[in-house]
Amino acid sequence: MKIKSKLSVAALALACAASAQAANEAATDAQHAVATPAARAPVKMRWEILRNELTAHGWRTKARLSVTPLRGQSLPAQGWSLYFNCMDGLVAGPLPGNLVLEQVVGGSLFRVRPAAGFKDLPAGRTLNIDYDYPNLVIKMARAPVGPYLVFDAAPEVAYAVNDFQQQLPTRPEQLQRPQGQHALVTTQDVYRRNARADVLPASALPPVFPTPLQLKAGAGRVQLARAPQVISGPGLQYETAFARALFARYLPHGDSSHAPLPLRLRIGAIDGQSSPEAYELSVNGDDGINITGNSAAGVARGLQSLHDLLPLPSAAAQIELPELDVIDAPRFAYRGFQLDVARNFQPKEVVFKTLDLMAAYKLNKLHFHITDDEGWRLEIAGLPELTSIGAVRGHSTREGVRLPPTYGSGPRADDPHGSGYYTRADYIEILRYAAARHIEVIPEIEMPGHARAAVKAMEARYHRMKAAGEQGADRYLLNDLDDRSVYRSPQEYTDHVINPGLESSYAFIEQVVAEVAALHREAGMPLKTMHMGGDELPHGAWEKSPVSRALMQKEKLAGTADLWDYFYNRVDGILRKHGMFASGWEELGARRSTQEGAQQLPNPRFTQRGFSLYVWNNTPGNEDFAYRLANAGYDIVLAPVTNLYLDMAANPNPEEPGVNWGAYVELETVFDFQPIGAALTEAGRRRIRGIEATLFSETIRDASRLDYLMMPRLLAVAERAWAPDPALSAASHRAAWSSFVNTLGQRVLPRLDLERGDVRYRIAPPGMVVEGGKVLVNHVLPGLTLRYTTDGSAPTVRSKPVTGPIAARGVIQAAAFDRTGRSGLVARIVNH
């Protein structure tokens, strides 16, 4: 419906009311109703931090949303609400100017609406909405996102605000922080940190990444004028296809006058190495190329090392390989990456790309975070509401239609990241793609907390079936409708917990586990384990649930800590029935405390169950909890927030994306992680299965942000998981760090640019200092091209390259560029 732009917003809303009502009536199935705006929002918006200040309540941030009606429009005195998402909460209540700020539902959705006394806002006039955060805002991740307008006359019609600007803080009052905390990183700081590494010649770099166990360089080089002849043994069809495709890309034509060099692939025992991923690679002018692996996975890892030996892509008619012998095996059997597609969905093509990157750098476990409060992303036979409701986010005032907008997904139910799921066929395709690359997919089904998508989907199922008089309405119900427990999760939810007192909760878990296991069997990847969540159950949950209290009385459980044990005892039984062991976050093996914030203690009840715990919490007071769990008998995957959470921002500077609730994680932070701590007993050391990088997706609205946060830090995870720790002395650490960053800057990332070109990894800003009247520039990744300007403009691919000290005066700006010409963040310094 088109409406003349001269109409006021109020008139526009009234004009939409009839069509909105008709649309609502036409939606015979509420689950499929889509909040589709008739027009864009007739306002523009701007957000900025006003100031950070120390108050009687501690440090707080005061911020401002500015709303301006567009030409020919006005904002009426009553009858509208401005919605938006904001992570980690706001101070709700009355605002200056006769406005009210409200949290709409538990979670991150807020709205501003006019109170009595608010006067209409004419076109061109700006309304400043000043509000407070309950604490200090450092990262832009906490700015409002996904704003939209709704008018009372048509409550199901939402208008996305497309003209919305977020202003980076630059003024002193905006950047004020507590002494010694969240200090801004200057370009001089960056220069000094970069200087911890030496610039190395290419000849000094290891030719294989990650650093191999043993490498013996030969004396000569082997020339290839055509693709080698691949000769492979049984069970290596994927590896054979990979080898042929690899050389077809590098030598697409070849010189048929030369006999092809043999490339032999086979499975056989590697002396002294028990890992199935161990391999031996030899390149010799007389005997050709030979790769032997303890299994097909070992052959695949050897082929990735052979790939590393190839020169960077060029138009050369022939290529050279160094003669060498490599015997290699991983340090850890578990080398993982957690991809969260629940908070913000990613299509299967992005998962394929992620699996390609993992395989290239010898990572072997995809921890697939497919459910959470904000989304259920996998089709489950028999439970269609999980995807028709639990996989859809968008505006609606009606219960049971869809999940609310979250993390900037906005009002539309067809937003590609707020909404979406994998069909059964999609999931099987992902599993088979991973299997071809010898990557195990471990799906995570979050419970009992972080389960709002499932809880609300099953509640809607219950109400629909009960209203229709159908039998079995409560068969899969997950929440006690009479529960009056008072709790709040770290993500601000108050209604997101699976109730252990309902037998239907276990029926639901059984159905989901059985269906997921069936999908894995159909894909040819039988499940060994499932990750069953377990993190961040808020204190207060279950305490006032009649069905939970009845169960506690029946089973003689002293409190909710015992109820937790009862729940996971049942969950473990379901998994064992399907031939699996239980995996989960560290809380699975922790004894729940009645006091919030108390130090966690290993739970003796489950130490003999074979649980595999993923330990994220190494924050103050819990630094050694992973080791205490291992010493107690639990198998451990190390995923510490302060080292391996890739959703954490690199530093406190406002322009760096990511969150900061746990730490700041630079490339060097990951590289310096030492998995084996002094607190481990000898038995505990054997319980450390490996390490995992975690990337939650609250701030990831597109694949380029995923790339930015993941890479190149994932390369440090790969190095730390495969290769031994670098020695602890300062000199040996400098040598190891120098080798690592030079290998990335000169070989690994240039190859990624030239072979793929679609990975928009973080290119850090250069470091800059003034010494002796000249500007010195360096970069954390030697090998990237540095360019600079002196006229105040941002550097481009046509700007002057940095070849030494810069003598120019005034404002010098510099940036690093990858092999595709893409630039990173710009650094700036003044040379007086």
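Rules behind the numbers
- Along each chain, the written sequence defines residue order, and numbers are assigned to residues from 1.
- Predicted model: local features are reported for residues with pLDDT of at least 70 only, side-chain atom pairs are reported and counted for 80 or more only, and whole-chain, interface and lining totals are derived from all residues.
- Where side-chain values are given, they derive from all heavy atoms of the structure, hydrogens and water being excluded.
- Between any two strands, at least two bridges found by DSSP are needed for them to pair.
- Put simply, DSSP H or I for four residues or longer makes a helix, DSSP E for two residues or longer makes a strand, and each gets a number counted from the N terminus.
- All axes here are fitted lines through C-alpha atoms, helices being fitted over the stretch that makes contact, and every angle between N-to-C directions spans 0 to 180 degrees.
- Only protein chains enter the area calculation, which uses a 1.4 Å probe; residues under 20% of their type maximum are buried, those over 50% are exposed, and those in between are partly exposed.
- A residue counts as positive if it is Lys or Arg and as negative if it is Asp or Glu; His and the chain ends are not included.
- By convention in these notes, a salt bridge is any Lys or Arg side-chain nitrogen within 4 Å of a carboxyl oxygen on Asp or Glu.
- Crossover handedness is defined here as right-handed if the route from the first strand over the helix to the second strand goes clockwise, with the strands pointing away from the viewer.
- Residues enter a nonpolar core if they are buried and are Ala, Val, Leu, Ile, Met, Phe, Trp, Tyr or Cys, with the set joined through side-chain atoms within 4.5 Å.
- What sets the label is the angle itself: under 35 degrees gives roughly parallel, over 145 gives roughly antiparallel, 65 to 115 gives roughly perpendicular, and the rest give oblique.
- Should the near helix be turned counterclockwise from the far one by less than a right angle, the crossing is left-handed, whereas a clockwise turn marks it as right-handed.
- Residue contacts are defined here by distance: any two heavy atoms, one from each residue, within 4.5 Å place the two residues in contact.
- Residue-level confidence of the predictor is summarised by pLDDT, bounded by 0 at the bottom and 100 at the top.
- Only rings of Phe, Tyr and Trp enter the pairing, Trp through its six-membered ring, and a pair is recorded when the two centres are within 6.5 Å. The plane angle decides the type: under 30 degrees is stacked, over 60 is edge-to-face, the rest tilted.
- Placement of a charge over a ring requires the Lys NZ or Arg CZ to be within 6 Å of the ring centre, with the centre-to-atom vector within 35 degrees of the ring normal.
- Detection works on a 1 Å grid of protein atoms alone, calling trapped sets that fit a 1.4 Å probe cavities and calling open sets with protein on both sides within 12 Å along at least five of seven lines pockets, with lining residues defined by an atom within 4 Å of a point.
- Grid points are joined across faces, edges and corners, and a volume is the space filled by probe spheres set on the points.
- We call Asp, Glu, Lys and Arg charged. Ala, Val, Leu, Ile, Met, Phe, Trp, Tyr, Cys and Pro are nonpolar, and the rest, Gly among them, are polar.

So, on to the sheet that holds strand 6 (residues 109–114). The sheet built from six strands is open, its strands ordered 4-5-6-3-8-9 with antiparallel pairing. Looking at which strands have only one partner, the edges of the open sheet turn out to be strand 4 (93–95) and strand 9 (154–160). Pairwise comparison of adjacent strand axes, ignoring direction, gives a mean angle of 25 degrees for this sheet. The pairing of strand 4 with strand 5 (residues 99–103) spans three bridges and is classified as antiparallel. Residue pairing in the sheet places glycine 93 in a bridge with leucine 101 of strand 5.

Bringing the side chain of aspartate 308 into the picture now. The residue aspartate 308 is located in helix 5 (residues 296–309) in this model. Of the side chains bearing the opposite charge, lysine 362 lies closest to the buried aspartate 308, which forms no salt bridge; the N-O distance is 4.4 Å.

With four bridges joining them, strand 3 (residues 80–85) and strand 6 adopt antiparallel strand pairing. Residue pairing in the sheet places asparagine 85 in a bridge with leucine 109 of strand 6. Strand direction decides the pairing type here: strand 5 and strand 6, joined by five bridges, are antiparallel. Residue pairing across strands places leucine 101 opposite valine 112, the latter belonging to strand 6. Linking strand 5 back to strand 6 in an antiparallel pair, the connection comprises five residues, with glycine 107 at a positive phi of about 120 degrees.

For a regular strand, side chains alternate in direction, first toward one face of the sheet and then toward the other. Sheet topology places strand 26 (residues 612–615) next to strand 27 (residues 635–638); four bridges connect them, and they run parallel. Looking at the pairing, leucine 613 lines up with isoleucine 636 of strand 27. Considered for its hand, the β-α-β crossover made up of strand 26, helix 13 (residues 625–632) and strand 27 is right-handed. As judged from the three bridges shared by strand 27 and strand 28 (residues 688–695), these two strands associate in the parallel manner. Within strand 28, the residue paired with leucine 638 across the bridge is isoleucine 691.

Bringing unusual backbone geometry into the picture now. Proline 448 follows methionine 447 through a cis peptide bond whose omega is -15 degrees. Structurally, the position occupied by proline 448 is in the loop between strand 21 (440–444) and helix 9 (452–467). Put simply, methionine 711 and proline 712 share a cis peptide bond, and its omega is 5 degrees. Among the secondary structure elements, proline 712 is positioned in the loop between helix 17 (703–710) and helix 18 (713–722). With a phi angle near 55 degrees, histidine 450 is a residue other than glycine that sits in the positive phi range. Considering the arrangement of structural elements, one finds histidine 450 in the loop between strand 21 and helix 9.

On to the nonpolar core, then. Grouped together as the largest cluster of nonpolar side chains are 157 residues, with contacts concentrated most on Phe337, Leu366, Phe368, Trp376, Phe508 and Ile636. Top element by residues in this core is helix 10 (residues 503–523). It accounts for nine residues. Membership of the second largest hydrophobic core comes to 35 residues, among which are Trp80, Phe110, Ala154 and Tyr159.

Attention now moves to the packing of helix 18 against helix 19 (residues 730–755). Two numbers describe how helix 18 lies on helix 19: the axes approach to 12 Å, and their chain directions differ by 120 degrees. Accordingly, the angle class assigned to the pair helix 18 and helix 19 is oblique. Note that helix 18 runs across helix 19; the crossing there is right-handed. The residues of helix 19 that touch helix 18, namely those facing Leu715, Ala716 and Glu719, are Phe740, Leu744, Val748 and Leu749.

Turning our attention to the confidence of the model for the protein chain. Caution applies to low-pLDDT parts of the model: their predicted coordinates are not meant to be read in detail. When the pLDDT values of the protein chain are averaged, the result is 93; 94% of them are 70 or greater. Note that pLDDT drops below 50 for residues 1–35; the model gives that stretch 58 contacts with residues more than four away or on any other chain.

Moving on, we get to the packing of aromatic side chains. Evaluated as defined, the whole model comprises 25 aromatic pairs. An aromatic cluster is defined as three or more aromatic residues linked by ring pairs; in this entry it consists of Tyr334, Trp585, Tyr614, Trp616, Tyr645, Trp661 and Phe696. The side chain of arginine 570 reaches across the aromatic face of tyrosine 506, ending 3.9 Å from its centre. When the ring centre of phenylalanine 671 is taken as reference, the NZ or CZ atom of arginine 720 above it lies at 4.6 Å.

Strand order in this open sheet of four strands is 7-2-1-10, and the pairing throughout is mixed. The open sheet is flanked by strand 7 (127–132) and strand 10 (164–166), the only strands paired with a single partner. Sheet twist, expressed as the mean angle between neighbouring strand axes with direction ignored, is 20 degrees. Pairing of strand 2 (residues 58–69) with strand 7, which is carried by six bridges, proceeds in the antiparallel orientation. Counterpart to arginine 64 in the pairing with strand 7 is aspartate 130.

Before going further, it helps to examine the pattern of salt bridges. Any two side chains of opposite charge can pair if their charged atoms end up close together. Counted under the stated rule, the structure contains 51 salt bridges. Note that glutamate 156 and arginine 398 form a salt bridge whose closest N and O atoms lie 3.8 Å from each other. Here glutamate 156, found in strand 9, pairs with arginine 398, found in the loop between helix 7 (385–388) and helix 8 (424–436); they are 242 residues apart in sequence, far enough to count as distant. One salt bridge connects arginine 762 with glutamate 666, and the closest N-O pair in it is separated by 3.5 Å. Of this pair, arginine 762 sits in the loop between helix 19 and strand 29 (767–771) while glutamate 666 sits in the loop between helix 14 (641–644) and helix 15 (667–671), placing them 96 residues apart in sequence. For glutamate 666, a relative accessible area of 12% gives the class buried.

Scanning all chains against the criterion turns up four cavities of 30 Å³ or more. Taken as a whole, the largest cavity encloses approximately 200 Å³ of empty space. Considering the residues around the largest cavity, the lining is formed by 17 residues, among which Glu666, Leu667, Arg762, Ala764 and Val780 are closest to the centre. Top contributing element to the lining of the largest cavity by residue count: helix 3 (residues 187–194), with three residues. Of the residues contributing to the lining of the largest cavity, the split by class is nine nonpolar, three polar and five charged. When its volume is computed, the second largest cavity comes out at roughly 60 Å³. Taken together, Met648, Ala649, Ala650, Glu656, Pro657, Tyr708, Leu709, Met711, Pro712, Arg713 and Arg762 form the lining of the second largest cavity. For the lining of the second largest cavity, the class distribution of residues is eight nonpolar, no polar and three charged.

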